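# Chain and residue survey
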Amino acid sequence: MFDQILGLPAHPLIIHFAVVLTPLLVATAAGYALVPRWRTYAAWAVVLLSLAAPVTVFAAKESGERLKEARFATADGELGSRISTHESFADPLLLSVLGLAASALLLVYATRPARDSLGRDRFGRPTTLALSAVTLVLAGVAGYYVFRAGDSGARAVWGL
């Protein structure tokens, strides 16, 4: 499933979704956490990106493993080292994006007004502030790892 798309290696095609959707999730989740007045407008984007970004990162990770098995299983030397460096960012990226998605979804849920309230946060201001802080930290971590994974992958391919 993660090996080929129309006869081409899937990984170079799939990674483009991950390297676009993950920074979008990072930016919208951070904006949602930092600017309460944007929440009404950004909630749908945060929810959709929180569902899509982890799926694309998982698909990129799995397709990368298939590509390595199929074409680079015996790579050693400088190329093997570059591939290994690139591969080392896959799990931290996936875990950080999953954490960011979960915290962002919880933040959206927490800040939605309850039907019987006066528009206050569902769980109170301290909980909302804590969720906002966790979301910001995880956005930074996910942003770091998506950059490192993308950069190391480009360096592995282009030999920079």
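Here's a quick rundown of the structure. (Residues numbered from 1 in each chain as written. Predicted model: local features only at pLDDT ≥ 70, side-chain atom pairs only at ≥ 80, totals over all residues. Heavy atoms only, no water.)

## Some details on the overall build of the protein
Of regular secondary structure, the protein possesses 5 helices and 2 strands. Moving toward the C terminus, one meets the helices and strands of the protein in the order β-β-α-α-α-α-α. The C-alpha extent of the protein, read off along each of the three principal axes, is 60 × 30 × 20 Å. If you take every contact in the protein between residues at least 6 apart in sequence, the share linking residues at least 24 apart comes to 76%. When the accessible area of the protein is evaluated, it comes to approximately 9500 Å², of which 67% is carbon and sulfur surface. (Helix = DSSP H or I, 4+ residues; strand = E, 2+ residues; numbered from the N terminus. Contact = heavy atoms within 4.5 Å. Areas by Shrake-Rupley, 256 points an atom, 1.4 Å probe, with all protein chains shown as cover.)

## Here's the deal with the packing of helix α2 (residues 39–71) against helix α4 (residues 90–111)
In contact at an axis separation of 9 Å, α2 and α4 are set at 155 degrees when each is read in the N-to-C sense. Comparing their axes, α4 and α2 come out roughly antiparallel. Note on packing geometry: the crossing formed by α2 with α4 is left-handed. For the pair α2 and α4, contact is made by Arg39, Ala43, Val46, Val47, Ser50, Leu51, Ala53, Pro54, Val57, Phe58 and Lys61 and by Ala90, Asp91, Leu93, Leu94, Val97, Leu98, Ala101, Ala104, Leu105, Val108 and Thr111, respectively. When grouped by side-chain class, the residues that make up the contact of α2 with α4 number 17 nonpolar, 2 polar and 3 charged. (Axes fitted to C-alpha atoms, helices over the stretch in contact; angles between N-to-C directions. Parallel < 35°, antiparallel > 145°, perpendicular 65-115°, else oblique. Left-handed = near helix turned anticlockwise from the far one by under 90°. Nonpolar A, V, L, I, M, F, W, Y, C, P; charged D, E, K, R; others polar.)

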